[in-house]
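Observations on the three-dimensional arrangement
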Amino acid sequence: MRIILLGPPGAGKGTQARILMEKEGIAHISTGDLFRENVKNKTVLGQQVESILKSGKLVPDQITIKMISERLDADDCKNGFILDGFPRNEAQAEALEKMLQEKGIKLDAVVQIEADDEKLVERISGRLTCSGCGEGYHDRFKKPQHTDSCDKCGATGKFTRRADDNEKTVRERLNVYHGQTKAILPFYEGRGMLKTVDGMAPMEDVTAQIEAVLKGGKGGDRPSSPRPGG
Ligand code: AP5
Ligand code: MG
């Protein structure tokens, strides 16, 4: 399976990508995670992008495209991959198409996770991440079983909040999504690849919707289940 997950900040791209990665045994490639890892490790790339991430603007295409091209060549992508957060504008979408052609890789689908802007700030401001294994949590919607330890890797005292998860930066990230990223939806729609799911549904329902659209289901319907995330 080779797919792209698209959606605004906080829509649940990372949450769903991690679930799919485990179920399908494929690579999860998050450009945001790759940049943050570089910032944490104080690499040259990390130093180049740190202030850009804090501002909520996009890292220059040249840097991002090169990073993705190299990442797709890694062994763990041979069985498939989920692209989370790439492409994010028309130039990146075109570069990805060219790159995949050159590498002889065919994309299966592009899944758009729709979400309501006004609820995303709440989602994002409650987000916690385990810096031990990257597992994501939420103060209300996905609490760890024990306050200070990760359900997944057991690490204690490792929960962090992202430097770009403040209201001002989230608003800028939303502007970038509406101004640049949404413009690539027609690119994939025109190729018959775009599937849409309701990201405001409970997490497990979003997973079920994604699995259904990937199996060839309709997609795009808003489920009638309650929406605690929203
Ligand atoms: P990136 O890291 O990709 O951030 P983003 O797109 O803003 O998205 P998020 O990671 O904030 O949200 P998500 O959709 O993954 O949500 P999550 O699953 O965590 O990018 C960061 C920055 O890097 C960019 O601003 C830019 O500077 C740079 N960058 C990245 N890619 C780039 C590119 N291609 N080009 C240039 N620059 C780039 O969920 C959020 C929270 O909600 C969690 O707490 C979760 O537990 C909870 N939650 C999830 N689903 C649900 C649900 N259904 N119900 C209730 N709660 C839920
Ligand atoms: Mg994410």
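Look up: the structure comes first, before these words.
Residues numbered from 1 in each chain as written. Chains lettered and ligands numbered in written order. Predicted model: local features only at pLDDT ≥ 70, side-chain atom pairs only at ≥ 80, totals over all residues. Heavy atoms only, no water.

**What about the overall build of the protein?**
The condition that has to hold: Think of it this way: any DSSP run of H or I at least four residues long counts as a helix, any run of E at least two long counts as a strand, and we number them from the N terminus. For a compact globule the rule gives 2.2 Å times the number of residues to the power 0.38, and the radius of gyration it is set against comes from C-alpha atoms. Only protein chains enter the area calculation, which uses a 1.4 Å probe; residues under 20% of their type maximum are buried, those over 50% are exposed, and those in between are partly exposed. Contact criterion: two residues are considered in contact whenever any of their non-hydrogen atoms come within 4.5 Å of each other. Only four residue types enter the tally: Lys and Arg on the positive side, Asp and Glu on the negative side; His and the chain ends are excluded. Where a charge lies is defined by one atom per residue type: Lys uses NZ, Arg uses CZ, Asp uses CG and Glu uses CD.
A count of helical and extended segments in the protein gives nine helices and eight strands. The globule rule puts the C-alpha radius of gyration for 230 residues at 17 Å, and the 17 Å found for the protein is close to it. A burial count over the protein gives 45% of its 230 residues as buried. Within the protein, counting contacts between residues at least 6 apart in sequence, those at least 24 apart form 69% of the total. Side chains of the protein give 36 positive and 35 negative charges; the mean places of these two sets differ by 2 Å.

**Some details on the site of ligand 1**
Condition: One heavy atom within 4 Å of a molecule or strand makes the whole residue count as near it. In the analysis that follows, any N or O atom pair within 3.5 Å is treated as a polar contact, provided that within protein one partner can donate a hydrogen and the other can accept it, and provided that, for residues neighboring in sequence, both atoms belong to side chains. The protein chains shown are the only cover counted for residues, whose accessible areas, like all others here, come from Shrake-Rupley with a 1.4 Å probe.
Every one of the 36 residues lining ligand 1 counts as a neighbour, but Thr15, Lys57, Arg88, Arg127 and Arg173 are closest to it. Gly85 places a main-chain nitrogen or oxygen 2.8 Å from a nitrogen atom of ligand 1. When ligand 1 is considered free in solution it has 1,000 Å² of accessible area, and contact with the protein chains removes 97% of it. Contributing elements (two or more residues each) for the shell around ligand 1: helix H1 (13-24), helix H2 (31-40), strand S6 (136-138) and helix H9 (203-214). With four residues, H2 is the single largest residue contributor to the shell around ligand 1.

**A look at the nonpolar core**
Side chains of a nonpolar character, in soluble globular proteins, are inclined to be buried together. To keep it simple, the criterion reads: In plain words, nonpolar cores are sets of buried Ala, Val, Leu, Ile, Met, Phe, Trp, Tyr and Cys residues tied together by side-chain atoms within 4.5 Å.
In terms of nonpolar packing, the biggest core is built from 22 residues, with Ile3, Leu5, Ile82, Val111, Ile113, Val197 and Ile210 touching the most fellow members. Leave out the neighbours within four places in its chain, and Ile113 touches Leu5, Leu6, Gly7, Pro8, Ala11, Gly12, Lys13, Gln16, Val197, Gly199 and Ile210. Counting residues in hydrophobic clusters, the runner-up holds 21 residues, among them Leu83, Phe86, Ala93 and Leu185.

**Side note on the packing of aromatic side chains**
To be explicit about the condition: The pairing test for Phe, Tyr and Trp rings, Trp by its six-membered ring, is centres within 6.5 Å, and the orientation test on the planes gives stacked under 30 degrees, edge-to-face over 60, and tilted for anything in between. In this scheme, the term charge over a ring applies when either NZ of a lysine or CZ of an arginine sits within 6 Å of the ring centre and within 35 degrees of the ring normal.
Going through the model one piece at a time under the given rule, you end up with two aromatic pairs. Aromatic pair Tyr137 and Phe159: ring centres 5.3 Å apart, planes at 75 degrees, arrangement edge-to-face. Note that Tyr137 is positioned in strand S6 and Phe159 in strand S7 (residues 159-160), a separation of 22 residues in sequence. Take Tyr137 and Phe159: they sit in the same class, and that class is buried. Seen from their ring centres, Phe187 and Tyr188 are 5.0 Å apart, and the 80 degrees between their planes marks the pair as edge-to-face. Neither Phe187 nor Tyr188 differs from the other in exposure class; each is buried. The ring of Tyr137 carries Lys142 above its face, with NZ or CZ at 5.3 Å from the centroid. In this structure, Arg191 packs its charged tip against the face of Phe187, placed 3.8 Å from the ring centre.

**Observations concerning the environment of Ala109**
Relative to the helices and strands, Ala109 resides in strand S4 (residues 109-114). Ala109 gets classed as buried once you look at its relative accessible area, which sits at 3%. Sequence-distant contacts of Ala109, that is, excluding residues within four places in its chain, are made with Arg2, Ile3, Ile4, Met193, Lys195 and Leu214.

**Brief notes about the packing of H2 against helix H3 (residues 44-55)**
Going by this rule: For helices, the fitted axis covers only the stretch in contact; all axes are lines through C-alpha atoms, and the angles between them, taken along N-to-C directions, range from 0 to 180 degrees. By convention, the crossing between two helices is left-handed when the near helix turns anticlockwise from the far helix through less than a right angle, and right-handed when the turn is clockwise. Polar here means any residue other than Ala, Val, Leu, Ile, Met, Phe, Trp, Tyr, Cys and Pro, which are nonpolar, and Asp, Glu, Lys and Arg, which are charged; Gly is therefore polar.
Two elements in contact, H2 and H3, have axes whose closest approach is 8 Å; the angle formed by their N-to-C orientations is 115 degrees. In this structure, H2 crosses over H3, and the sense of that crossing is left-handed. Residues Phe35, Arg36, Asn38 and Val39 of H2 form the contact with H3, whose own contacting residues are Leu45, Gly46, Val49, Glu50 and Leu53. The residue inventory of the contact of H2 with H3, partitioned by class, reads five nonpolar, two polar and two charged.

**Details of the side chain of Asp165**
Relative to the elements of secondary structure, Asp165 occurs in the loop between S7 and helix H7 (167-181). Owing to a relative accessible area of 14%, Asp165 belongs among the buried residues under this scheme. A polar side-chain atom of Asp165 sits 2.9 Å from a polar atom in the side chain of Arg127. A distance of 3.1 Å separates the side chain of Asp165 from the side chain of Arg173, its partner in a polar contact. Ignoring any residue separated from it by four or fewer positions in sequence, one finds Asp165 in contact with Ile124, Arg127, Val170 and Arg173.

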